[in-house]
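# Examining the three-dimensional arrangement
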Amino acid sequence: MGQAGTAPPVYVHMNGANEFLENVVVVRPVQAVVFVDEDTGPHTIVGYDPATGKTNQRFNGAVAGTPGPGHPVHTYTIRFRHPGLKYYYCSVHAELAVEPGGVTQPKKRPTVHGFGDPMDGLIIVTTDKQLLRDNPATVHKRILPNYFGG
Ligand SMILES: [Cu+2]
């Protein structure tokens, strides 16, 4: 595993806004990405291929909601061996749609309240030191104390 395997995880947080707070994060190969649900409601984290529209059987997680501060949070952890772009969405709050040109992208589910943006994100797996430094500061904290809400 080496250095990347022992690097602290990168955290991605969710709350009642139905978005991934850090919707683009950068990790090294095999470094853990931990999704943290600070929402009272559940979410899923489902990898998909924009070129084919196929969902990923391995990158496919679900997290239960958390009542609020002081309660244990539910999490889902994923690691990738190979560099690349790992796209994902929440199938509770978004759905995949084929765009003109044949690219598949998540769209907000029409029945879901919240902002207009779909609940989706991207994990960049790379050894590029410059990119790895570009993560938002919140990825270093497992729980954001003031972020709970549903
Ligand atoms: Cu969701």
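Notes on the structure follow. (Residues numbered from 1 in each chain as written. Predicted model: local features only at pLDDT ≥ 70, side-chain atom pairs only at ≥ 80, totals over all residues. Heavy atoms only, no water.)

### Structural notes on the nonpolar core
- The biggest cluster of nonpolar side chains holds 20 residues, and the ones touching the most others in it are Phe20, Phe35, Ile45, Phe59, Ile78, Tyr88 and Ile123.
- Looking at this core, the elements that each hand over two or more residues are strand E1 (10-14), strand E2 (24-27), strand E3 (33-37), strand E5 (55-63), strand E6 (74-78) and strand E10 (120-125).
- The biggest single contributor to this core is E1, with 3 residues. (Core = buried A, V, L, I, M, F, W, Y, C linked by side-chain atoms within 4.5 Å. Buried < 20%, exposed > 50% of the residue type's maximum accessible area, 1.4 Å probe, protein only. Helix = DSSP H or I, 4+ residues; strand = E, 2+ residues; numbered from the N terminus.)

### Thoughts on the coordination of the copper ion
- On the protein side, the copper ion has His43 (ND1), Cys90 (SG), His93 (ND1) and Met119 (SD) as donor atoms, found 2.0 to 2.5 Å from it.
- What the 4 donor atoms of the copper ion show is an angle range of 95 to 128° at the metal, which sorts the shape as tetrahedral.
- The sequence pattern formed by the donor residues of the copper ion is H-x46-C-x2-H-x25-M. One end of the pair, Cys90, is in the loop between strand E7 (84-89) and strand E8 (94-98); the other, Met119, is in the loop between strand E9 (104-108) and E10, with 29 residues separating them in the sequence. Across this residue pair, the class does not change: Cys90 and Met119 are buried. (Donors = N, O, S within 2.8 Å, 3.2 Å for Na, K, Ca; no water. Tetrahedral: all angles 85-135°; square planar, octahedral: opposite > 155°, others 65-115°.)

### Some thoughts on the sheet that holds E5
- Read across the sheet, 5 strands follow the order E2-E10-E7-E4-E5 without closing on themselves; strand pairing throughout is mixed. Each of the sheet's edge strands pairs with one partner strand only, and the pair in question is E2 and E5. Between one strand axis and the next, the sheet turns through 25° on average, direction left out of account.
- As defined by bridge partners, E2 adjoins E10 across 4 bridges and the pair is classed as parallel. (Pairing = 2+ DSSP bridges. Axes fitted to C-alpha atoms, helices over the stretch in contact; angles between N-to-C directions.)

### Some thoughts on the pattern of salt bridges
- Counting across every chain of the model gives 2 salt bridges.
- As a salt-bridge pair, Glu95 and Arg109 come within 3.0 Å of each other at their nearest N and O atoms. Taken as a pair, Glu95 in strand E8 and Arg109 in the loop between E9 and E10 lie far apart in primary sequence, 14 residues in all.
- Judged by relative accessible area, Glu95 falls into the partly exposed class, the value being 29%.
- For Arg109, a relative accessible area of 27% gives the class partly exposed.
- Where Glu99 meets Lys107, a salt bridge forms, and the shortest distance between an N and an O atom there is 2.9 Å. (Salt bridge = Lys/Arg side-chain N within 4 Å of Asp/Glu carboxyl O.)

Geometry only, nothing functional implied.
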